[in-house]
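If you want the building blocks of each chain, they are given just below.
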Amino acid sequence: MPGFIASRLYWSIQRRRNRGIGGLYVVVAAFLLLYAWLFPGIFGLGGFSKFTQNWFPLALVTMAQTLLMLNGGITLAIGPLVSLGAVIAATMMGGDALSAIGGIATVAAAGLLIGALIGMIVAYLRLPAIIVTLAGSFIIGGVALLILPRPGGFIPAWFSDLLAGDRPFAFCLLVATLIGWKLLLATPVGLGIYAAGENPAGAFRSGVPVEAMKVTAFAISGLLATLAGLFVAAQTGSGDPVIGNPFTLNSIAGAVLGGVGFLGGKGTMRGAICGSLLLSVMINVMFFLGFPPVAQYVAQGLIIVGAVAIPELSQRWRPK
């Protein structure tokens, strides 16, 4: 009997968290069909690989942003962290495998440490995350410019071919990342991140270390952002200290399109990934339709506003 009650409670929570995701899947499927009609090459191995390579860094930064939004926070430091990861990779990776491993480890360590430091300031000094990450974005961006004042550096050709070649390695990495997230959710840390975002007071009374969960969420978020920068550097073959700037708002847009709320505990990672896919496909479709860049930004803004407004309005108009 207790197992039956726990199962019903679990599925009840899942239904509440996934509310509205079905409509998102329909919209994504429609955009994918339109994109396939405009660009039939996506069905080939090379076309699918290039598409997933363009989507993968956006998916990573959306996951990084979603992790904090589920925990009740938000970060404006995603873009600078992407840039930092790119310039560290471009300045530390040599042509041999050993130096490449060292560069990857440095990128990962930088993301974890910076994310954890920001998380500690937010959690233990009780400062608003949006203010701390805004200040942090300027500092991180400045450090990226100090490391590499202008685009340059070097990414080994074999590493670029591995990540951004004609094989769907990026898609495999994304699947592995999602599996890692599911495994994390099965641990006390994953459950604590959700609980601390949905009901901090209740989580604290239940023995969840709320501050530690916030620091952990920021650390993992920083790791994902710098790894996205590593992938972008592999795509371009070099580093750029400002290449990550567009990712900050796009990460928020992808999470919001995926139904993730700003107040914590609302939404799912699969919804956020689906939102990032919608955003990526939407950009590609507008490009093939010949939208000028300004019109693309306007269309993206209108779609994002609609994605936020429609569920809220439908909930207000729902009979009580």
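To start, this report covers the structure provided alongside it. In this text, all values refer to a predicted model and were calculated from it rather than measured experimentally.

**Describing the overall build of the protein**
The secondary structure content of the protein amounts to 14 helices and zero strands. Beginning at the N terminus, the succession of helices and strands in the protein can be written as α-α-α-α-α-α-α-α-α-α-α-α-α-α. Each of the 320 residues in the protein was classed as buried or not, and the buried ones make up 47%. In the protein, the proportion of contacts linking residues at least 24 apart, taken out of those at least 6 apart, comes to 80%. Approximately 15,500 Å² of the protein is accessible, and the part contributed by carbon and sulfur atoms is 74%.

**Thoughts on the pattern of salt bridges**
Under the counting rule described, the total for this entry stands at one salt bridge. The residue R126 makes a salt bridge to E211 at a minimum N-O spacing of 3.1 Å. Placement of the pair is R126 in the loop between helix 5 (97-124) and helix 6 (129-147) and E211 in helix 11 (residues 210-236), with a sequence separation of 85 residues. Given a relative accessible area of 62%, R126 falls into the exposed group.

**Description of the layout of surface pockets**
Empty space within the second largest pocket amounts to approximately 620 Å³. Around the second largest pocket, the lining comprises 20 residues; the ones closest to its centre are L58, P246, F247, N250 and I283. Among the residues making up the lining of the second largest pocket, the classes are represented as 11 nonpolar, nine polar and no charged.

**Topic: the packing of helix 8 (residues 169-185) against helix 9 (residues 188-198)**
Two elements in contact, helix 8 and helix 9, have axes whose closest approach is 5 Å; the angle formed by their N-to-C orientations is 85°. Classified by the angle their axes make, helix 8 and helix 9 are roughly perpendicular. Counted together, W181, L184 and L185 of helix 8 and V189, G190, L191 and Y194 of helix 9 form the full contact between these two elements. For the contact of helix 8 with helix 9, a count of residues per class yields six nonpolar, one polar and no charged.

Cut-offs used in this document
- Sequence positions are assigned chain by chain, starting from 1 and proceeding in written order.
- Only residues with pLDDT of at least 70 are given local features in this predicted model, and only at 80 or more are side-chain atom pairs given and counted; all residues enter the totals for whole chains, interfaces and linings.
- In computing side-chain properties, one takes all heavy atoms of the structure into account and sets aside hydrogens as well as water.
- The secondary structure listing takes helices from DSSP runs of H or I that are at least 4 residues long and strands from runs of E that are at least 2 residues long, numbered from the N terminus.
- For the exposure calls, accessible area comes from a 1.4 Å probe over protein chains only, and a residue counts as buried if that area is under 20% of its type's maximum, exposed if over 50%, partly exposed in between.
- Two residues qualify as a contact provided that any one of their heavy atoms is within 4.5 Å of a heavy atom in the partner residue.
- Using a 1.4 Å probe, accessible areas were evaluated by the Shrake-Rupley method; residue-level cover was limited to the displayed protein chains.
- By salt bridge we mean one thing: a side-chain nitrogen of Lys or Arg within 4 Å of a carboxyl oxygen of Asp or Glu.
- Think of a 1 Å grid over the protein atoms and nothing else: a 1.4 Å probe that fits but is trapped marks a cavity, an open set flanked by protein within 12 Å on at least five of seven lines marks a pocket, and residues with an atom within 4 Å of a point count as lining.
- Grid points are joined across faces, edges and corners, and a volume is the space filled by probe spheres set on the points.
- For this classification, the nonpolar set comprises Ala, Val, Leu, Ile, Met, Phe, Trp, Tyr, Cys and Pro, the charged set comprises Asp, Glu, Lys and Arg, and every other residue, Gly included, is treated as polar.
- In this analysis, axes come from line fits to C-alpha atoms, helices being fitted only over the stretch in contact, and the angle between any two N-to-C directions falls in the range 0 to 180 degrees.
- For classification purposes, an angle smaller than 35 degrees is called roughly parallel, one larger than 145 roughly antiparallel, one from 65 to 115 roughly perpendicular, and anything else oblique.

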